Amino acid sequence: IFGASGTNFQEIGIIDNMAAPLVKMWRRLWLHSSVTVALPAKPGEPIFRCPSYRRVAAGLLLLQLGGFGLWQVESLNAFLRAHGQCSWRNVISEGRWWAAFVAHIGHRDFEHLLTNLGIFLVPTFLLQGMLPWWGAVTLYALTAAASSGCSL
């Protein structure tokens, strides 16, 4: 692989240096995961072993249920359409940047709520042995931001 000036980047190790952290992270995730991460060992063992992960899962569950409950109140629908739906008009034209994030916790339809609960809680359960709790929260925030950005 050669640069614009004819420099061979493989000879000077730039590609190896850039790839090394990714390879190291992948190996760490792969080597430190097992079936016991995904499945509780004993029937009486809690699903979320780490108290911080329990709080994250409970918080996500409460946010999702609360957002669904708000959409069920007819008098709030106009307000929620303006502040809780990710659309070009709301986020860009009207400058309501928070609508890009709020849209991920407020759902009108029960089927959409169930789908998003699965999308949040199953990975939270699986990630508890691979990432610290704040890593999972960061992953969710970045995923929400990327999803909103792509939908605009």
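Refer to the structure printed above.
Residues numbered from 1 in each chain as written. Predicted model: local features only at pLDDT ≥ 70, side-chain atom pairs only at ≥ 80, totals over all residues. Heavy atoms only, no water.

Q: Looking at this structure, I do not really get the pattern of salt bridges. What am I missing?
A: Applying the stated rule across the entire model yields one salt bridge. Arg96 is the salt-bridge partner of Glu94, the closest N and O atoms lying 3.8 Å from each other. Note on Glu94: relative accessible area 41%, which makes it partly exposed. (Salt bridge = Lys/Arg side-chain N within 4 Å of Asp/Glu carboxyl O. Buried < 20%, exposed > 50% of the residue type's maximum accessible area, 1.4 Å probe, protein only.)

Q: Even after reading the chapter, I still don't get helix α4 (residues 51-71), so can you show me in this structure?
A: Structural remark: α-helix, 3.6 residues per turn; residues separated by three or four positions point the same way. When the terminal C-alpha atoms of α4 are compared, their 30 Å separation across 21 residues agrees well with the 30 Å that a helix rising 1.5 Å per residue should span. Of all the positions in α4, only Ser52, Tyr53, Val56, Ala57, Leu60, Gln64, Gly67, Phe68 and Trp71 are classed as buried. End-on, the buried residues of α4 take up no more than an arc of 145°, which puts them together on one face. Opposite the buried face of α4, by more than 90 degrees, sit the exposed residues Arg55 and Leu62. On its buried side, α4 packs onto α5 (77-83), α8 (110-127) and α9 (133-151). (Helix = DSSP H or I, 4+ residues; strand = E, 2+ residues; numbered from the N terminus. Expected span 1.5 Å × (residues − 1). Arc of directions from axis to C-beta. Contact = heavy atoms within 4.5 Å.)

All quantities given are derived from atomic positions and should not be read as evidence of function.
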